[in-house]
Amino acid sequence: MDYENETLIKKLNEQNFNSKNYVQELTLNSLGVDGLLVKRQLVQSLAEETNGLLKKNVYKNYTQFIETAKEISYLESEMYQLSHMLTEQQAILSTLMDISITGEKGSKSEVQSDKKEEESRKNLSSLLEKVEGCANLLEVRGRYVVHSGDLMELDNVHYKVVQRVHAVLLNDGLMLATWISNRRGPAQYRFQVFYELDNLAIVNVKEDPMLKNVFKILMFPDTRLFQCDTAVAKKEWLEVIEETKKQKMSSSCKRDSIINETKLPFYSDERSSYNPFEDEQSEEGYQVEREDLIPDWLVELPENLDVCIAQRDFEEAVNLVKKGNEHFLELTKHAVVKEIRTRIDRRIKNLVDVLMNELRVSPDRSLQGGPRAARRAVGLLIKLGKSSQACNLFLKHRSAILKHSVKQKKMEGATVPFIKRLSSVFFNNMMETGREFNRAFSNSNRCASAYVVWSRKQLQQFVQTFSRHVFTTQVSLRTAAECVALVKGHCDQLVEIGLDILFVLSNLLQADVERVITESRDKMLEAIKLRAAEDKWRPQNHQNKAGISKFVEDMTEIGIASIHRYVYDECWVALTSNTTMFSKSYLNFLDDLLKLHTLTSNKLIVDSLVVTFRAQLRHVEASLNSEIFKSEVKFIQKNATFLLETLLTLAEHRFEEKLGFGSRQLSELHVELPRLIGGASESSSLGKSSVTKYSSVAYL
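Conventions and cut-offs
- Residues numbered from 1 in each chain as written.
- Predicted model: local features only at pLDDT ≥ 70, side-chain atom pairs only at ≥ 80, totals over all residues.
- Heavy atoms only, no water.
- Helix = DSSP H or I, 4+ residues; strand = E, 2+ residues; numbered from the N terminus.
- Buried < 20%, exposed > 50% of the residue type's maximum accessible area, 1.4 Å probe, protein only.
- Contact = heavy atoms within 4.5 Å.
- Areas by Shrake-Rupley, 256 points an atom, 1.4 Å probe, with all protein chains shown as cover.
- Pairing = 2+ DSSP bridges.
- Expected span 1.5 Å × (residues − 1).
- Bend = angle between axes of the 7 residues up to and from the residue.
- Axes fitted to C-alpha atoms, helices over the stretch in contact; angles between N-to-C directions.
- Parallel < 35°, antiparallel > 145°, perpendicular 65-115°, else oblique.
- Left-handed = near helix turned anticlockwise from the far one by under 90°.
- Salt bridge = Lys/Arg side-chain N within 4 Å of Asp/Glu carboxyl O.

Enquirer: Could you clarify how one ought to interpret the overall build of the protein in this entry?
Expert: Counting its regular elements, the protein contains 23 helices and 11 strands. When each of the 700 residues of the protein is scored for burial, the buried share is 39%. Put simply, 66% of the contacts in the protein that link residues at least 6 apart link residues at least 24 apart. When the accessible surface of the protein is split by element, carbon and sulfur atoms take 53% of a total near 41,700 Å².

Enquirer: Help me understand the sheet that holds strand E11 (residues 572–573), please; the structure alone is not making it clear to me.
Expert: Sheets are built from strands that pair by backbone hydrogen bonding, the pairs being arranged parallel or antiparallel. Pairing is antiparallel in the open sheet, where 3 strands are placed in the order E9-E11-E10. One side of each edge strand has no neighbouring strand; the edge strands of this open sheet are strand E9 (540–541) and strand E10 (567–568). By the bridge criterion, 2 bridges tie E9 to E11 in an arrangement that is antiparallel. Looking at the pairing, Asn541 lines up with Trp572 of E11.

Enquirer: Teacher, can you tell me more about helix H16 (residues 502–534) here?
Expert: At 3.6 residues per turn, the α-helix brings residues three or four places apart onto the same side. An ideal rise of 1.5 Å per residue puts 48 Å on 33 residues; H16 measures up with 45 Å between its terminal C-alpha atoms. Maximum bend of H16: about 55°, positioned at Gln510. Within H16 the residues assigned to the buried category are Val504, Leu505, Ser506, Leu509, Val513, Val516, Ile517, Ser520, Met524, Ile528 and Arg531.

Enquirer: What exactly am I supposed to notice about the packing of helix H8 (residues 301–310) against helix H9 (residues 314–328) here?
Expert: Packed helix pairs are specified by the crossing angle of their axes together with the interaxial distance, meaning the distance between the axes. Between H8 and H9, the least distance of the axes is 8 Å, while the angle of their chain directions is 160°. Relative to H9, H8 is oriented roughly antiparallel. Judged by the twist between their axes, the crossing of H8 over H9 is left-handed. Contact residues: H8 offers Leu301, Asn304, Leu305, Cys308 and Ile309, while H9 offers Phe314, Glu316, Ala317, Leu320, Val321 and Gly324.

Enquirer: Is there a simple way to think about the pattern of salt bridges in this case?
Expert: Within this structure, the stated rule accounts for 16 salt bridges. Note that Arg478 and Asp592 form a salt bridge whose closest N and O atoms lie 3.2 Å from each other. Of the two residues, Arg478 sits in helix H15 (residues 477–493) while Asp592 sits in helix H18 (residues 577–595), which places them 114 residues apart along the sequence. Judged by its relative accessible area of 5%, Asp592 falls in the buried class. Measuring nitrogen to oxygen at the nearest pair gives 3.4 Å for the salt bridge that ties Asp522 to Arg521. Classification of Asp522 as partly exposed rests on a relative accessible area of 38%. A cluster of three or more residues bridged by salt bridges with shared partners is formed by Arg614, Glu621, Glu672 and Arg675.

Enquirer: Explain unusual backbone geometry here, please?
Expert: Phi angles above zero are rare outside glycine, and Gln543 is one such case at about 70°. Note that Gln543 resides in the loop between E9 and helix H17 (545–557). Assessed through its relative accessible area of 60%, Gln543 is described here as exposed. In this structure, Asp569 takes a positive phi of about 55° despite not being glycine.

Set out below in structure tokens:
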């Protein structure tokens, strides 16, 4: 066999292999059907072996692909950081080359720059009046406008126009605002985002037929494409951004040098000797300034946060934010602290956006991770004080998973098995979501209310699918009742996680349930009418012992264990077929209605049971008053006694056992017995096969 496998593999691997010729050759050379079957089994085993090898290779390649993607991501972040460091070094070198030892060279340029900055500051207020939601940008001292203009943002993949953007370059950052189409008032744009120049990189995009006058802005984790109207405008944007970054770097270097020069006298213990008129109050003020010393790690905190976010070390980033916030409480609010706090707040916003992106649902992202995959992002967002956003995105994430899981269950087979599979998937997801939610948001009442609202919405969508398959004309009452009971059982299980939505389910199903009950009651009444028209009031003859045994067994299964009391002469039954058929259908009807029972449908269910039973009693009464069946009065009374004492008593017992309370309307039907039998005793009616009325239902 191994030799044949090797021969077949070599033949299939030939370059000029022709499947049609190979099949013809097998047909000619094989010894009958058995030979072909052997060859077929050989090819099939080889195909299965090949499929197994392919699966292993695919899994191995997929694992390597994931590892490669991670390495590429790390290399991308490292290259971004390296590019940023090179840009900073270039700016520092340019600044050092421009510094004059005598200071004469810089004096003229400083005068010109001061005039330009003064004019730009005047334009800042008027320009930002056109941008809605950017009032906080005016709070930073020394900020002014360098350049502004309209750009078109393009999609990174398809290079299609996404939106119109108004860009404003400030001396320390780049602000982007979107166009307001239906604006009211002076504002023409709406603030979108502010990027600091320290961490912003601008890249010139090579010209091609699809991309003209385009440049790219890199600000981790965002990469955005912008298109200018002309090549001149593009060149101007590239040059002015680079020049502004250099000037900002130059001003930062000068500020650091000034701080280093003044550090020693500022913290000298002999400071009080320079001013003999200092009092205790100034000394206390000096002590406060000394306490306001900003540590180096706090100054470097924004850059460290950028590194953590780039490396996806979110836990360390959150710990740094927490440490920084605690330290800010100990510092007085002066200009330097406020500036650092503003920079850190922007990093926090960036961190929150990245974490929220972990929970966002997109078509290109797998949903197989489940809630545990989102637990990390949720926990970190809660630590950052963004529990509401985390809750909202967590529930949206779970909605997508739930929708995807339900869609996988296609309508196959009978209704009940399909509903079992559908309910199992839906409620297992609800249970899993509830446990993860309680673990993550156990201390937030607002989030708990959001979870309840979400659960109600998901249940509404489930009920729509459920009703579409269950409450149709082709589905019987028994099937619908079994499906409803199944879903109610799943709802009861959700109480384990503190979620009781059974009343919501009852309200959502109420209209369909009432319609099904009404239609089934009408069908029951119609069946009673048809059987009454054909009833001849004759006892049943089952021909032999086997037939009567089968009849007794069937009646015992539906709960009437005392049916043997009505058997006489081995194979005769002192009941009509109409009576026994009504008993079976009535008890089945009762069981189905009890599965559909709710507090709102209780009255309809009881009325349906009473109406159908009275319809059968009316047939009995009409037969007693008929001249045709005058000779069968005693036999008719026997059937009436069975209906009112055995069948009705059993129905009352089942009703009370299932619901925990009885029905007054059903009990009142017993008063019909004396009127129907005319005071005759049951024992005299049945003769030897007398049926005694018991106070309990133990005999049933």
